[in-house]
Amino acid sequence: KRVAILISGGGSNMVALVNSMTGDHPARAVLVASNDPGAGGLAKAAASGITMAAVDHRPFGRDRAGFEAELLKHIEAAEPDILCLAGFMRVLTPAFVSRFEGRMLNIHPSLLPKYPGLHTHQRAIDAGDAEAGCTVHEVTAVLDDGPILGQARVPVLAGDSADDLAARVLVQEHRLYPAVLRRYSSGDRTPIFLP
Ligand code: GRF
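Since this is a predicted model, take the numbers as computed values, not measurements.

**Q** Is there a simple way to think about the overall build of the chain in this case?
**A** Of regular secondary structure, the chain possesses six helices and eight strands. For the chain, the N- to C-terminal ordering of α and β elements is β-α-β-α-β-α-β-α-β-α-β-β-α-β. Expected size for 195 residues packed as a compact globule is a radius of gyration near 16 Å; at 16 Å, the chain falls within 12% of this value. Principal-axis analysis of the C-alpha atoms gives the chain an extent of 50 × 40 × 30 Å. Buried residues in the chain amount to 48% of all 195 residues. Within the chain, contacts between residues at least 6 apart in sequence are counted, and of these 60% link residues at least 24 apart. Put simply, the chain shows about 9,000 Å² of open surface, and 56% of that area lies on carbon and sulfur atoms. One finds the centroid of the 19 positive side-chain charges in the chain at a distance of 3 Å from the centroid of its 21 negative side-chain charges.

Written out as structure tokens, the structure is:
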């Protein structure tokens with residue numbers, strides 16, 4: 001299977017995914033694309049010899065469709081079977097999602113359906129939750145919704161800042177996403193719940 005990975009920032013999840021696709025893994029990364037030409041993850045992708053693309057979304061302003069049309073040129077050229085959103089921070093239009101529905105994954109830093117959207121860690125702390133975590137789900141037109149393909153949990157500790165919790169969750173993201181992608185690449189959609 002051919003996997004395209006979309007990033008916006010540091011790309012630590014992309015690195016974990018790329019590093020996992022070796023040996024007898026049924027998938028290979030064929031593209032890393034970003035909406036920010038300055039994304040730190042692009043430099044990391046360059047080191048791995050993977051084709052990269054950067055389409056700055058800012059010149060398009062509110063023209064989401066225009067941005068996505070440009071991004072699609074790069075994605076379609078890579079002919080991916082699966083799209084992985086990994087720290088990708090742009091909301092995709094229903095038209096884009098429908099092109100890839102059923103073969104597009106995202107990782108979200110909360111135990112969905114709790115805390116869709118932003119500032120997930122602060123919200124868990126403010127709510128006094130004992131646990132937090134991350135979710136890999138299939139992307140549908142509804143933001144941070146869609147069938148859950150995996151989750152990993154971490155404790156929320158007394159005195160945790162949002163950054164403390166984010167760091168603890170990120171470690172689990174780097175375990176969960178590769179595990180889900182490997183199973184998903186073999187056609188198995190059974191969800192994975194990491195201990
Ligand atoms: C992570 O918290 C991830 O859950 C969210 O984006 C953040 C940065 O991810 N989707 P990455 O380091 O760019 O992969």
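**Q** Teacher, can you tell me more about the confidence of the model for the chain here?
**A** Across the chain, the average pLDDT comes to 96, with 100% of residues at 70 or higher. Interface confidence in the predicted complex, given as ipTM, is 0.90; pTM for the same model is 0.96.

**Q** Is there a simple way to think about the UniProt feature "site: Raises pKa of active site His" (unreviewed entry) in the chain in this case?
**A** If you check UniProt for "site: Raises pKa of active site His" (unreviewed entry), the listed places come out as Asp144 in our numbering. When you line up the elements, Asp144 lands in the loop between strand S6 (131-138) and strand S7 (148-155). Not counting residues up to four positions away in its chain, the partners in contact with Asp144 are Asn106, His108, Leu112, Pro116, Gly117 and His137. Of note is the side chain of Asp144, whose polar atom sits 2.8 Å from the backbone nitrogen of Gly117.

**Q** Could you clarify how one ought to interpret empty space enclosed by the protein in this entry?
**A** Gaps between atoms show up when a probe of the same size as a water molecule is rolled over them. For the coordinates displayed, the defined rule picks out one cavity of 30 Å³ or more. The calculated volume of the largest cavity comes to roughly 50 Å³. As for the largest cavity, its lining consists of His57, Phe60, Gly61, Asp63, Arg64, Phe67, Arg90 and Val91.

**Q** Help me understand the packing of helix H1 (residues 12-20) against helix H2 (residues 40-47), please; the structure alone is not making it clear to me.
**A** Between two packed helices, the angle of one axis relative to the other and the distance separating the axes together describe the packing. The geometry of H1 relative to H2 is characterised by a closest axis approach of 9 Å and an angle of 20° between their N-to-C directions. By the angle between their axes, H1 is roughly parallel relative to H2. Crossing of H1 against H2: the hand is right-handed. Every residue of H2 that contacts H1 at Ser12, Met14 and Val15 is listed here: Gly41, Lys44 and Ala45. Residue composition of the contact of H1 with H2, by class: three nonpolar, two polar and one charged.

How each quantity is defined
Residues numbered from 1 in each chain as written. Predicted model: local features only at pLDDT ≥ 70, side-chain atom pairs only at ≥ 80, totals over all residues. Heavy atoms only, no water. Helix = DSSP H or I, 4+ residues; strand = E, 2+ residues; numbered from the N terminus. Rg over C-alpha atoms; globule rule 2.2 N^0.38 Å. Buried < 20%, exposed > 50% of the residue type's maximum accessible area, 1.4 Å probe, protein only. Contact = heavy atoms within 4.5 Å. Areas by Shrake-Rupley, 256 points an atom, 1.4 Å probe, with all protein chains shown as cover. Lys, Arg positive; Asp, Glu negative; His and termini not counted. Charge placed at Lys NZ, Arg CZ, Asp CG, Glu CD. pLDDT = per-residue confidence, 0-100. UniProt positions renumbered as here; feature names shortened; annotations may be inferred. Polar contact = N/O pair within 3.5 Å; in protein donor to acceptor, adjacent residues only side chain to side chain. 1 Å grid on protein atoms, 1.4 Å probe; cavity = no way out; pocket = protein on both sides within 12 Å on 5 of 7 lines; lining within 4 Å. Points joined across faces, edges and corners; volume = space filled by probe spheres on them. Axes fitted to C-alpha atoms, helices over the stretch in contact; angles between N-to-C directions. Parallel < 35°, antiparallel > 145°, perpendicular 65-115°, else oblique. Left-handed = near helix turned anticlockwise from the far one by under 90°. Nonpolar A, V, L, I, M, F, W, Y, C, P; charged D, E, K, R; others polar.

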